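Chain by chain, the residues run as shown.
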Amino acid sequence: MTAPTSSTPPHALVVDDDTLILMDATSILEDAGFQVFEAMSVTQALDVLKQHHEAVQLLFTDVQMPGDADGFELARKTAERWPHIAIVVASGRVKPGPGDLPEGATFIGKPFSAAIVRHHVRETMPVEQQPAPLKA
């Protein structure tokens, strides 16, 4: 795995099937200093991770999405396959139960604000991986 250099912003993967929430979360994370990949399903997200997992430092995912898998499953698979990726899971309808979230992952409720997202990302990611604007 290649760690991003100080001149290369870390990448985040935002996963949500609601276009407006996807755009909002992407904007929040871009303002926090991330370059962002987007996906609208678990299948799309796993495809992005298979291609770009070395660059991705953060997964920000919704829980309920189309298809057979949900955001909890995506979070667990990500933690298992790519343990260097910090994970934040969000939902306005579902709260995590025992075993839903992998160790170290954070859950936030929707609707969320930029301040809440930034706080949880700061808490979830190692400081040395955080982009400079997030630390400000």
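Cut-offs used in this document
- Residues numbered from 1 in each chain as written.
- Predicted model: local features only at pLDDT ≥ 70, side-chain atom pairs only at ≥ 80, totals over all residues.
- Heavy atoms only, no water.
- Core = buried A, V, L, I, M, F, W, Y, C linked by side-chain atoms within 4.5 Å.
- Buried < 20%, exposed > 50% of the residue type's maximum accessible area, 1.4 Å probe, protein only.
- Helix = DSSP H or I, 4+ residues; strand = E, 2+ residues; numbered from the N terminus.
- Contact = heavy atoms within 4.5 Å.
- Axes fitted to C-alpha atoms, helices over the stretch in contact; angles between N-to-C directions.
- Parallel < 35°, antiparallel > 145°, perpendicular 65-115°, else oblique.
- Left-handed = near helix turned anticlockwise from the far one by under 90°.
- Nonpolar A, V, L, I, M, F, W, Y, C, P; charged D, E, K, R; others polar.
- Pairing = 2+ DSSP bridges.
- Right-handed = clockwise from strand over helix to strand, strands pointing away.

A.B. asks: Can you help me understand the nonpolar core in this one?
C.D. replies: In a soluble, globular protein the nonpolar side chains are often hidden away together inside. Core analysis: the biggest nonpolar cluster contains 23 residues, and L13, V15, L49, L59, L74 and V89 have the highest contact counts within it. Those elements giving two or more residues to this core turn out to be strand 1 (11-15), strand 2 (35-39), helix 2 (42-52), strand 3 (56-62), helix 3 (71-81) and strand 4 (86-91). Once residues within four sequence positions are removed from consideration, L49 is found in contact with L13, V56, L74, T78, W82 and I85. Core analysis: the second largest hydrophobic core is formed by 20 residues, A12, V14, A25 and A90 among them.

A.B. asks: When you look at the packing of helix 2 against helix 3 in this model, what are you seeing that I'm missing?
C.D. replies: Helix-helix packing: each pair is described by the crossing angle between the helix axes and the interaxial distance. Viewed as axis vectors pointing N to C, helix 2 and helix 3 meet at an angle of 15 degrees, and their least axial separation amounts to 10 Å. Taken together, helix 2 and helix 3 sit at an angle that is classed as roughly parallel. As helix 2 runs across helix 3, the sense of the crossing is right-handed. Across the interface between the two elements, V42, A45, L46, L49 and K50 of helix 2 pack against G71, L74, K77, T78 and R81 of helix 3. For the contact of helix 2 with helix 3, the class distribution of residues is 5 nonpolar, 2 polar and 3 charged.

A.B. asks: Teacher, can you tell me more about the pairing of strand 3 here?
C.D. replies: Along any regular strand, the residues point their side chains to alternate faces of the sheet. When you tally the buried positions in strand 3, you get 7 out of 7 residues, the bulk of the element. Where strand 1 and strand 3 come together, 5 bridges link them in parallel fashion. When the bridges of strand 3 are listed, V14 appears paired with F60. Pairing analysis gives 5 bridges linking strand 3 to strand 4, with the strands arranged parallel. Paired with T61 across the bridge in strand 4 is V89. With helix 3 bridging strand 3 and its parallel neighbour strand 4, the resulting β-α-β unit is right-handed.

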